[in-house]
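Observations on chain architecture
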Amino acid sequence: MSQVHVLPPTNPSHFAQSPPPSPLQFAQRPPWSAPDEHESLFPALPPLLHGHPDLHLRNGILNAAASDAEGAESAFFVADLTQVYRQHLRWRACLPQIQPFYAVKCNPDPYVLRLLAALGAGFDCASNGEISQVLDIGGIHPSRIIFANPCKAVSFVRNAAKMGVDMMTFDNADELYKIARAHPRAQLVVRILTDDSKSLCQLGIKFGAPLATVPGLLAKAKELGLAVVGVSFHVGSGCYDPSVYTDAVMRARTAFDMGADAGHRFTLLDVGGGFEDAVFEQAASFLSDAIDTYFPDRSGIKIIAEPGRFYVSKAFSLATNIIARRAPLGETPAASSEEPSVMYYINDGVYGAFNCILFDHQTAHPHVLSMGGSFHVPADEPLHTSSVWGPTCDSIDCVCPTTQLPRALRVGDWLGFDNMGAYTICAASQFNGFQLSKVVYTTSGSSEVRSVLAKFAAGDVVDV
Ligand SMILES: *Cc1c(COP(=O)(O)O)cnc(C)c1O
């Protein structure tokens, strides 16, 4: 492909004319912008809207079409807080005995943090910055934080002591020396190595004490006068083989027994993260069975977990604008061609929200949000093999190397991506001068989420 097909710019006035009619045709403006709906629970945050996320995806597109302001066509997220709430209900139904400590690194979104705080969750923080982010919300006691990074700068340990964050993980002896100096009152949790070979992101090459080293570490902690209170593990992020929890809990049991032998009193089992939406129920079942098997007597033991992606993955969708297209001039390519014949360039990419492709081993699946000024894409619309690229000048910036998209898709049309909540926004950069995509928030149809947040804003925690 060597020629650039220059297309006429899409004119917003096309939107009003284009057939076929659909209930949400561009010409029509949904009644979302009534001022009283922008009531602000948290004045410093963007407004919290009502209405289905799809409605807000469409509204964003309509607004862009109606505006000639700079950046009007910017990509944007729609976050559905009710989806986060739904995941919490699922958690409570399947793992009622395990308190989630949300892994902040996955998506430190201010509304997500507040909603989870309101629902009584704790937080897994890995840095001073994350600890401040959680404590600055207000109303969250530092005992609801686990500093779950086994390798911390000594200044971070000192700061945790100052902030009252006592619970922290370790997996090596040097960490114990640091903690003995900087936070001798800490409640330590030994992070053990477990099998993470079935996960998208393996963490065991970096963290986790092999069981054989645990007695030595526990003895060292004792010698330094440090309290070790429990065991943690992480089966790897994005775990597709839920059966690995069985082996992990068995190892944790062994570590508990080592704790008793070393004269520590273990009261905490932390089963980490890794929970994948698609296999959550199976994982929960393996985990519960393993806990029943290896911890039949759980009196005096608190069980926590550190779910990240489980809570947020499905809650965020991204709308991107096609800013450029490269297609052969003249004859339309054969529809059956397996090689991508058309390249689309969108305004977010792997240096932005799609960094999850590089860092989190994800694949992106676009769908058409709007085409030719309409939200309606006929089912029999002819497709062709295409590729989708981000906006930067780097060729690594490929969002989707091959996918089927309508032949009629042009510059100015919009592509949507679902499941964009985990490990996306938080790791996005502004490489090449591109802005981060903004977030539009909605509680969807649920008044419950709004009332949970309202109670939290007023100082109450609702334990659902
Ligand atoms: C990243 C991480 C998590 C969250 O993992 P998910 O797969 O998103 O659930 C939990 N605990 C620790 C220590 C982590 O590093």
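The text that follows walks through the structure, step by step, so that each part is easy to find. (Residues numbered from 1 in each chain as written. Predicted model: local features only at pLDDT ≥ 70, side-chain atom pairs only at ≥ 80, totals over all residues. Heavy atoms only, no water.)

**Some details on the side chain of T385**
- Among the secondary structure elements, T385 is positioned in strand β16 (residues 383-389).
- Here Q404 takes part through its side chain, which lies 2.9 Å from a polar atom of the side chain of T385. (Helix = DSSP H or I, 4+ residues; strand = E, 2+ residues; numbered from the N terminus. Polar contact = N/O pair within 3.5 Å; in protein donor to acceptor, adjacent residues only side chain to side chain.)

**What to know about the site of the ligand**
- The ligand sits among 15 residues. The nearest are K105, S237, G274, E306 and Y423.
- At 3.1 Å from an oxygen atom of the ligand is found a side-chain nitrogen or oxygen belonging to H234.
- The separation between an oxygen atom of the ligand and a polar main-chain atom of G308 is 2.9 Å.
- Contact with the protein chains covers 93% of the free accessible surface of the ligand, which is 390 Å². (Near = heavy atom within 4 Å. Areas by Shrake-Rupley, 256 points an atom, 1.4 Å probe, with all protein chains shown as cover.)

**Description of the environment of D174**
- Mapped onto the secondary structure, D174 falls in helix α7 (residues 173-182).
- Each C-alpha atom of the pair D174 and L217 lies 9.8 Å from the other, and the pair is 43 residues apart in sequence.

**Describing the pattern of salt bridges**
- All chains considered together, the criterion is met by 13 salt bridges.
- Among the ionic pairs, D166 bridges to R185, the shortest N-O distance being 3.7 Å. With D166 in the loop between α6 (154-163) and β6 (167-170) and R185 in the loop between α7 and β7 (187-191), this pair connects stretches of sequence that are 19 residues apart.
- Residue R309 pairs with E276 through a salt bridge whose shortest N-O separation is 3.9 Å. One end of the pair, R309, is in helix α11 (residues 309-312); the other, E276, is in the loop between β11 (268-270) and α10 (280-294), with 33 residues separating them in the sequence. The same class applies to R309 and to E276, which are both buried. (Salt bridge = Lys/Arg side-chain N within 4 Å of Asp/Glu carboxyl O. Buried < 20%, exposed > 50% of the residue type's maximum accessible area, 1.4 Å probe, protein only.)

**Notes on a nonpolar patch on the surface**
- Taken together, L358, F359 and I396 make up a surface patch of nonpolar side chains, about 300 Å² in accessible area.
- Position of F359 among the secondary structure elements: in helix α12 (residues 355-359).
- The class of F359 is exposed, set by a relative accessible area of 59%. (Patch = residues over 30% accessible without salt bridge, like charges linked within 9 Å, V, L, I, M, F, W, Y side chains within 5 Å.)

**Brief notes about the nonpolar core**
- F123, F233, L269 and F275 are the most contacted members of the largest nonpolar core, which has 112 residues in total.
- Looking at this core, the element that brings in the most residues is helix α9 (residues 244-261), giving eight residues.
- Beyond its immediate chain neighbours, meaning those up to four positions away, L269 contacts V231, F233, A252, F256, I291, F295, I301, K302, I303 and I304.
- Core analysis: the next-biggest nonpolar cluster, separate from the first, contains 10 residues, L57, I61, L369 and W414 among them. (Core = buried A, V, L, I, M, F, W, Y, C linked by side-chain atoms within 4.5 Å. Contact = heavy atoms within 4.5 Å.)

**Examining the packing of helix α3 (residues 81-94) against helix α4 (residues 110-118)**
- Contact geometry of α3 with α4 gives a least axis separation of 10 Å together with a crossing angle of 35°. Our pair here, α3 against α4, has a crossing hand that is right-handed. Facing L81, V84 and Y85 of α3, the residues of α4 in contact are Y111, V112, L115 and L116.
- For the contact of α3 with α4, a count of residues per class yields seven nonpolar, no polar and no charged. (Axes fitted to C-alpha atoms, helices over the stretch in contact; angles between N-to-C directions. Left-handed = near helix turned anticlockwise from the far one by under 90°. Nonpolar A, V, L, I, M, F, W, Y, C, P; charged D, E, K, R; others polar.)

**A closer look at unusual backbone geometry**
- One non-glycine residue with positive phi stands out, namely Y423, at about 50°.
- Along the chain, Y423 turns up in the loop between β18 (414-417) and β19 (438-442).
- Backbone geometry places N432, a non-glycine residue, at a positive phi of 70°.
- Of note, N432 is situated in the loop between β18 and β19.

**So, the pairing of strand β4 (residues 122-125)**
- What you see with β4 is no split at all: G122 and D124 on one side and F123 and C125 on the other are buried throughout.
- Taken together, the three bridges between strand β3 (residues 99-103) and β4 define a ladder with parallel strand orientation. Bridged to F101 within β4 is G122.
- Note on the crossover from β3 through α4 to β4: the handedness is right-handed.
- Summarising the sheet, β4 and strand β5 (residues 145-147) pair through three bridges and their orientation is parallel. Bridged to D124 within β5 is I146. (Pairing = 2+ DSSP bridges. Right-handed = clockwise from strand over helix to strand, strands pointing away.)

**Some details on α6**
- By the burial criterion, the buried members of α6 are V157, N159, A160 and A161.
- Looking at the buried residues of α6, the elements they touch are α5 (128-135), β5, β6 and α7.
- Positioned one or two residues after α6, G164 has a phi angle of 85°, which is positive.

**A few points about the environment of H264**
- Of note, H264 is situated in the loop between α9 and β11.
- Classification of H264 as buried rests on a relative accessible area of 8%.
- Along the sequence, H264 and L226 sit 38 residues apart, while their C-alpha atoms lie 9.3 Å from each other.
- Each residue touching H264, except ones within four places of it in the same chain, is listed here: L218, A221, K222, L226, A227, V228 and G259.
- A polar contact is formed between the side chain of H264 and the backbone nitrogen of V228, at a distance of 3.4 Å.

**Some details on the packing of aromatic side chains**
- Inspection of the entire model under this criterion finds 17 aromatic pairs.
- Aromatic pair Y111 and Y441: ring centres 4.6 Å apart, planes at 55°, arrangement tilted. Of this pair, Y111 sits in helix α4 while Y441 sits in strand β19, and the two are 330 residues apart along the sequence. In this pair, the class of Y111 matches that of Y441, namely buried.
- Taken together, W91, Y102, Y245, F275, F280, F310 and Y311 form an aromatic cluster joined through their ring pairs.
- One cation-aromatic arrangement involves R114 over F42; the distance from NZ or CZ to the ring centre is 5.4 Å.
- One cation-aromatic arrangement involves R253 over F295; the distance from NZ or CZ to the ring centre is 4.7 Å. (Phe/Tyr/Trp six-rings, centres within 6.5 Å; stacked < 30°, edge-to-face > 60°. Lys NZ or Arg CZ within 6 Å of the ring centre and 35° of its normal.)

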